[in-house]
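Coordinate inspection notes
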Amino acid sequence: MMVYLATTNKEANQNYLGPAPLEEMAKQIYLAEGPTGPNKEYLFKLEDALNKIGVVDQHVQDLANAVRKYADSL
C-alpha cells in the first residue's frame, strides 16, 4: 500500500493547485507525473474502476472528460 499525504500550504507543496476551474485542474492532471506514473492514467483507471462497480462520481467523470478534451486540444 502506498499512502500520499499532502498539505494545502503552497510553500510546502508546490504541486497544490487549490480551488481552480475544471479546465485548470485538467491541465495539471494531464501534465503531472509522480513516482507511480502519470496522474492522467490514475484518473482514467479510477474512472474505469468506479464504472465497473456501478458508482457514478460526477466530479471524477467531469475531470476525466476535461483531461481528454485538454489532450485533444494539443
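As recorded in an unreviewed UniProt entry, the chain goes by glutathione-specific gamma-glutamylcyclotransferase and comes from Aegilops tauschii subsp. strangulata.

Re the confidence of the model for the chain
For the chain, mean pLDDT is 92; residues scoring 70 or higher make up 100% of the total. When mean pLDDT is compared element by element in the chain, helix H3 (residues 58-73) scores highest at 98, while strand S1 (residues 33-34) scores lowest at 88.

Let's talk about H3
The first and last C-alpha atoms of H3 sit 22 Å apart over 16 residues, in line with the 22 Å expected at 1.5 Å per residue. Of all the residues in H3, the buried ones are Val60, Gln61, Leu63, Ala64, Ala66 and Val67. Looking at the buried positions of H3, the neighbouring elements they touch are helix H1 (22-31) and helix H2 (39-52). Near the N-terminus of H3, the side chain that reaches the backbone nitrogen of His59, with its oxygen 3.1 Å away, is that of Asp57.

Considerations on the environment of Pro35
Checked against the element boundaries, Pro35 lands in the loop between S1 and strand S2 (37-38). Considering only alpha carbons, one finds Pro35 and Glu23, 12 residues apart in sequence, at a separation of 24 Å.

Quick look at the environment of Ile29
Mapped onto the fold, Ile29 is located in helix H1. Taking relative accessible area as the criterion, Ile29 reaches 17% and is therefore assigned buried. Sequence separation of Ile29 and Ala66 is 37 residues, and the distance between their C-alpha atoms is 9.8 Å. Here Ile29 is in contact with Asn39, Lys40, Leu43, Leu63 and Val67, once residues within four sequence places are set aside.

Rules and cut-offs
- Residues numbered from 1 in each chain as written.
- Predicted model: local features only at pLDDT ≥ 70, side-chain atom pairs only at ≥ 80, totals over all residues.
- Heavy atoms only, no water.
- pLDDT = per-residue confidence, 0-100.
- Helix = DSSP H or I, 4+ residues; strand = E, 2+ residues; numbered from the N terminus.
- Expected span 1.5 Å × (residues − 1).
- Buried < 20%, exposed > 50% of the residue type's maximum accessible area, 1.4 Å probe, protein only.
- Contact = heavy atoms within 4.5 Å.
- Polar contact = N/O pair within 3.5 Å; in protein donor to acceptor, adjacent residues only side chain to side chain.

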